[in-house]
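Okay, here's what each chain looks like letter by letter:
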Amino acid sequence: MILREAETMKSHTNQKLFRHFFFFMILTGTLTSSVAQSSDETHPWMNPSLSPDDRAAMVVKEMTLDEKITLLHGTGQKKLSPVSPQAAQSNGGAGYVVGIPRLGIPAIQMADAAYGVTKSGENGRYSTALPADLGAAASWDLDAAYEYGALIGRELRAQGYNMTLGGGMNLTREPRNGRTFEYMGEDPLLAGKMVGAVMRGEQAQHVIGDLKHYAVNDQESGRNAVNVNIDQRAARESDLLAFEVALQDSNAAAVMCSYNRVNGDFACENKYLLNEVLKKDWGFKGFVVSDWTATHSTAKASAAGLDQEEPGFVFYGADLKKAVEAGKVPMAEVDDHVRRVLWAMFASGVIDDPPQKGVVEVGRGLEIAQRIEEQSAVLLKNDGQLPLDPAGIRSIAVIGPHADVGMISGAGSAQVDPPGGNAIMPPGQGQTHWQDKIWFPTSPLKAIRAKVPAAQVQFASGTDAAAAAALAKSAEVAIIFAYQWETEDIDLADLSLPEHQDDLIAKVAAANPHTVVVLETGSPVTMPWADQAGAILEAWYGGSRGAEAVVNILFGDVNPSAKLPVTFPRSEADLPHPTIVKPGPESVANFDVPDGWKRVAAGLPAFQVTYDEGTKVGYKWYDAENKTVLFPFGYGLSYTTYSYSNLKVTPGKNPRVSFTVTNTGKRSGAEIAEVYASLPAAAAEPPKQLVGWSKIKLDAGESKEVTIEVDRKYLSIFSVEQNGWQLVPGEYTFLVGGSSRDLPLKETVSLN
Ligand code: BGC
């Protein structure tokens, strides 16, 4: 159940209030036909004490075929599909599904909300931008992830939305993927747990949750056409495992199928992915919504388990009706699709507790965004220069593109609109457009000046590297803010910083040994200057309060605790696929030409990408290949130090791993302690895999004993023959420490 006890009580109260309000409206004659109706006699499914399953089944029985089909598609989007006149009633989000007022079923108003609610600018509203999802993953903090989701859920509702399109969780199989910032890293357990927590937070606010993009949509190049070839066992142990974990933890009410093909079939008409794995094996009760224009058929998609087409009704409108009438799509199948949509609405609480437009709590949002960024920025290198001493410092050179006004954010459908527009544009001219580079008005220069008002703080954009180096030379410390911008739909050409920033950093670091590099990136980057820099802080896309959070870390008000959710390789040559496979022109979607969407709907010719590294994603690949990396998965420094001791592994169904962590330094901090397991050789798995972690707060000198219960599933392999998880009897080595490549504790036990 998604509703927790307290929330259920709240929704009962709301339900009562709603009914009183409803009768008041009838008496006063102010009820309009678009208002959801409710009465115990005629709408028994409005009784919140019934189960969502029963309520959904009761409604389906009352529905006409036209009403059923209404719930199975959106109302269209310019350029992507025909648009119905009903689209005018949309709240302005990416998707709108018309409701059935006769039965008290409200419309579904969907908004993209990866790191905040999108399109608020054009609706004259405000949304908080949280740190990018990948950044949030670096906190390894499930409570922070819940809070991240809860904030998004509250802001969705305040803007009149009852469904999120967030929940991105494709694994970083390809770090040049332009959407890496929207996802939660390379490990299925970390990504699954973190997205699961985000989704719990969102659904607790009574919005329909969503996990996406299901599945193996790991590159943007040719995403509408690519056929991903992946071995079934490898898929279940990597990309699909992440979804399995998130679903189990969150009971997300919707899953978005992706653009790409998987082993021959488009994901949105892939029987194995949808009916067999998601619905049967995992017991998913909600609905599958297609990514925007990712539906390619009627009967095939319906039989495979696609429940709802978005954004329009190319296949699931009149064509679906015809197919049902001609007996090509059984009514029972349509009923199942509809029941799932209704189940999601009842289970998430959007019927009992519909959103009311209201004012977003701006201050609270900013405070949360800052706190999460403070837990998400990863200290990668520190030669002792950080933290800076605010009392002692006299001069600072702040360098970097637009570091005087803002910090970069991730683009595409996830783009959150900054208040007042793009910080690098004149006021009033900075509305966001698809794939603009948007800088949020969180100014590193201002935040530094505010922190050290007595120091001389000067700025150089870095356009002239020699001038920037000269400024750096004249100051005690140089702080460079370097960025790498990412957007949906376009993969990165490579992992290096754009706009000659590598050269800029090298010149500045050569001019001043006290150079601190702050990275604002959505993916790992290569760092040819890493040896020269005194300190490196990976800030990701920092969100609405990025600068304040980063400056708190630089000056020691906050002790960094985050750890990398992705490996930083030394170069692209070390990746499983040194170059991204690109499509030919015939396989590229173009929605700008007339009828471009029709070509996409018909299914662009496939091109092949083969993930023969299989389950070896991220660190599993570098471990298996014995490759050195720039910064490993799970790595991150602190201003204090920690030691590990006393490992004890108690075998059992779910083995228990106990150990002691001690803060051996002089500051309090939080350590993310990681537990990996090496499976017996017979399992034929990569050298090790993450099986658990714990984030422990420790004062200087303090020790704590930690016990982590490891779910047997994370120690098992996926047997294709048995279609299930199996533990291979044998010797299991548990490794514990503060980074995937620094695991001082080790114990081997027999498990069966
Ligand atoms: C993206 C989805 C998004 C949808 C609606 C698609 O292009 O892939 O992630 O939710 O658009 O905006």
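For the structure, see preceding data.
Throughout what follows, the structure given in this document is the object of discussion. (Residues numbered from 1 in each chain as written. Predicted model: local features only at pLDDT ≥ 70, side-chain atom pairs only at ≥ 80, totals over all residues. Heavy atoms only, no water.)

1. So, the overall build of the protein chain
Reasoning step 1: Across its full length, the protein chain carries 19 helices and 27 strands.
Reasoning step 2: Taken along its principal axes, the extent of the C-alpha atoms in the protein chain is 75 × 65 × 55 Å.
Reasoning step 3: Taken across its 752 residues, the protein chain has 64% of its residues classed as buried.
Reasoning step 4: Contacts in the protein chain between residues far apart in sequence, at least 24 positions, make up 76% of those at least 6 positions apart.
Reasoning step 5: For the protein chain, the exposed surface amounts to about 26400 Å²; the carbon and sulfur share of it is 52%.
Reasoning step 6: With 67 positive and 89 negative side-chain charges, the protein chain shows a spacing of 2 Å between the two charge centroids. (Helix = DSSP H or I, 4+ residues; strand = E, 2+ residues; numbered from the N terminus. Buried < 20%, exposed > 50% of the residue type's maximum accessible area, 1.4 Å probe, protein only. Contact = heavy atoms within 4.5 Å. Areas by Shrake-Rupley, 256 points an atom, 1.4 Å probe, with all protein chains shown as cover. Lys, Arg positive; Asp, Glu negative; His and termini not counted. Charge placed at Lys NZ, Arg CZ, Asp CG, Glu CD.)

2. A few points about the side chain of Ser-739
Reasoning step 1: Its location among the elements puts Ser-739 in the loop between strand E26 (730–737) and strand E27 (745–751).
Reasoning step 2: With residues near it in sequence (within four places) discarded, Ser-739 still touches Pro-632, Phe-633, Gly-634, Tyr-635, Glu-674 and Tyr-676.

3. Points about the pattern of salt bridges
Reasoning step 1: A full pass over the atoms with the stated rule returns 45 salt bridges.
Reasoning step 2: The residue Arg-179 makes a salt bridge to Glu-182 at a minimum N-O spacing of 2.7 Å.
Reasoning step 3: Between Lys-271 and Glu-276 there is a salt bridge whose closest N-O contact spans 3.5 Å.
Reasoning step 4: The structure contains a network of salt bridges with shared partners spanning Arg-179, Glu-182, Glu-220, Arg-223, Glu-488 and Asp-489. (Salt bridge = Lys/Arg side-chain N within 4 Å of Asp/Glu carboxyl O.)

4. Brief notes about the state of the cysteines
Reasoning step 1: The full count for this structure, using the stated rule, is one disulfide.
Reasoning step 2: Across a sulfur-sulfur distance of 2.1 Å, Cys-257 and Cys-268 are joined as a disulfide pair. Between Cys-257 and Cys-268, the S-S torsion sits near 110°, and that sign places the bridge as right-handed. A residue pair is termed long-range when its members are at least 10 positions apart, and Cys-257 in strand E6 (residues 254–257) and Cys-268 in the loop between strand E8 (265–266) and helix H9 (271–281) qualify at 11 residues. (Disulfide = S-S within 2.5 Å.)

5. Some points on the sheet that holds strand E20 (residues 656–663)
Reasoning step 1: With antiparallel pairing, three strands are arranged side by side in an open sheet as E19-E20-E23. Two strands lie at the open edges of the sheet, namely strand E19 (642–650) and strand E23 (703–709), each paired on one side alone. Across the sheet, the mean angle separating the axes of adjacent strands is 20° when strand polarity is ignored.
Reasoning step 2: As defined by bridge partners, E20 adjoins E23 across seven bridges and the pair is classed as antiparallel. (Pairing = 2+ DSSP bridges. Axes fitted to C-alpha atoms, helices over the stretch in contact; angles between N-to-C directions.)

6. A short note on the environment of Pro-188
Reasoning step 1: Mapped onto the fold, Pro-188 is located in helix H6 (residues 188–203).
Reasoning step 2: Residue classification places Pro-188 among the buried residues on the basis of a relative accessible area of 3%.
Reasoning step 3: Separated by 49 residues in sequence, Pro-188 and Glu-237 place their C-alpha atoms 7.9 Å apart.
Reasoning step 4: In contact with Pro-188, not counting residues within four places along its chain, are Leu-171, Glu-237, Ser-238, Leu-241, Ala-242 and Lys-620.

7. Notes on the packing of H6 against helix H8 (residues 239–250)
Reasoning step 1: With their axes 7 Å apart at the nearest point, H6 and H8 run at an angle of 35° to one another. At the point where H6 passes H8, the crossing takes the right-handed sense. Judged by residue contacts, Pro-188, Leu-189, Gly-192, Lys-193, Val-195, Gly-196, Met-199, Arg-200 and Gln-203 of H6 engage Leu-241, Ala-242, Val-245, Ala-246, Asp-249 and Ser-250 from H8.
Reasoning step 2: Tallied by class, the residues present in the contact of H6 with H8 amount to eight nonpolar, four polar and three charged. (Left-handed = near helix turned anticlockwise from the far one by under 90°. Nonpolar A, V, L, I, M, F, W, Y, C, P; charged D, E, K, R; others polar.)

8. Re the packing of aromatic side chains
Reasoning step 1: Evaluated as defined, the whole model comprises 14 aromatic pairs.
Reasoning step 2: Ring geometry for Tyr-619 versus Phe-633: centroids 4.5 Å apart, planes at 20°, classification stacked. With Tyr-619 in helix H19 (residues 619–624) and Phe-633 in the loop between H19 and E19, this pair connects stretches of sequence that are 14 residues apart. Take Tyr-619 and Phe-633: they sit in the same class, and that class is buried.
Reasoning step 3: Of note, Arg-173 hangs over the ring of Tyr-611, and the distance from its end group to the ring centre comes to 4.9 Å.
Reasoning step 4: Directly above the aromatic system of Tyr-676 lies the positively charged group of Lys-688, at a separation of 5.8 Å from the ring centroid. (Phe/Tyr/Trp six-rings, centres within 6.5 Å; stacked < 30°, edge-to-face > 60°. Lys NZ or Arg CZ within 6 Å of the ring centre and 35° of its normal.)

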